Amino acid sequence: MNTNQQFRVFTARTAITLLVVLFANVTVWAVDPYRYCGVKYVLDQNTNTVYATQDEENIPKGNVQILNPVRFTSNGDLIPVTTIASSAFSGCGGVTKVTIPSTVTTIGSSAFLGCNQISEITIPASVTIIGNGAFDECSKLITVFMEGSVAPTFGYAVFFES
């Protein structure tokens, strides 16, 4: 390996280390919700939990991965995402896949209403409640994988017109 190649490798490692350090120390304030790849994370200060919803400034498309956990407090605590808010991704016709972390316990009413490009979804065993019409009008949804041995509590018309 010549000197130029060694220098490039060192530079790449330094950049990767710097990137990891920067993201590892990000603190997000509740007054300014954290936005990433079309998803907005909001801290509920009453319950000290985080819910996910769509970022109106950057409508999500394609494969949406809900991050978990999110660093929200000034002391650097990581707070798990526990809820996909009601109407969170309603009308996001460009969403094709959603990855739900195993810390989510609630999928709100109409959370994915009209996401007509989603063809399959995996619901982790941690989900205990799926709200009314959560997957209503998901016309291409043909496969729903339910992890775990206990089914969640389903609201009314969860898969209506899907």
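Throughout what follows, the structure given in this document is the object of discussion. It should be emphasised that the depicted structure is a prediction, and the values quoted were computed from it without experimental measurement.

Examining the overall build of the protein
A count of helical and extended segments in the protein gives one helix and 13 strands. The linear arrangement of helices and strands in the protein, starting from the amino end, is α-β-β-β-β-β-β-β-β-β-β-β-β-β. Per-residue burial over the protein gives 33% buried out of 162 residues. For the protein, the proportion of contacts with a sequence separation of at least 24, taken over those separated by at least 6, is 44%. With the model as given, the accessible surface of the protein reaches about 9300 Å², and the carbon-plus-sulfur share is 55%.

Concerning unusual backbone geometry
Even without being a glycine, Glu137 presents a positive backbone phi close to 60 degrees. Within the element layout of this structure, Glu137 appears in the loop between β11 (129-130) and β12 (143-146). Of note, the phi angle at Ala157 is positive, near 50 degrees, even though the residue is not glycine. Along the polypeptide, Ala157 turns up in the segment after β13 (153-154).

Overview of the sheet that holds strand β9 (residues 106-107)
Strand order in the open sheet formed by seven strands is β1-β2-β3-β7-β9-β11-β13, with mixed pairing between adjacent strands. Strands with a single pairing partner mark the edges of an open sheet, and in this sheet they are β1 (34-36) and β13. Pairing between β1 and strand β2 (residues 39-44): three bridges, direction antiparallel. Among the inter-strand pairings, Arg35 is bridged to a residue of β2, identified as Lys40.

With respect to the side chain of Thr82
Examined against the element boundaries, Thr82 turns out to sit in strand β7 (residues 81-84). A distance of 3.5 Å separates the side chain of Thr82 from the side chain of Thr83, its partner in a polar contact. Setting aside chain neighbours within four positions, we find Thr82 in contact with Thr49, Val50, Thr103, Val104, Thr105 and Thr106.

Quick look at the packing of aromatic side chains
For the structure on display, the rule yields four aromatic pairs. Each ring, one from Phe89 and one from Phe112, has its centre 5.5 Å from the other, and the planes form 10 degrees; the classification is stacked. In this pair, Phe89 is assigned in the loop between β7 and β8 (95-99) and Phe112 in the loop between β9 and β10 (120-123), connecting sequence segments 23 residues apart. For the pair Phe89 and Phe112, a shared accessibility class is recorded, and that class is buried.

Reading guide: rules and limits
- Residues numbered from 1 in each chain as written.
- Predicted model: local features only at pLDDT ≥ 70, side-chain atom pairs only at ≥ 80, totals over all residues.
- Heavy atoms only, no water.
- Helix = DSSP H or I, 4+ residues; strand = E, 2+ residues; numbered from the N terminus.
- Buried < 20%, exposed > 50% of the residue type's maximum accessible area, 1.4 Å probe, protein only.
- Contact = heavy atoms within 4.5 Å.
- Areas by Shrake-Rupley, 256 points an atom, 1.4 Å probe, with all protein chains shown as cover.
- Pairing = 2+ DSSP bridges.
- Polar contact = N/O pair within 3.5 Å; in protein donor to acceptor, adjacent residues only side chain to side chain.
- Phe/Tyr/Trp six-rings, centres within 6.5 Å; stacked < 30°, edge-to-face > 60°.

Honestly, it's all geometry; don't read function into it.
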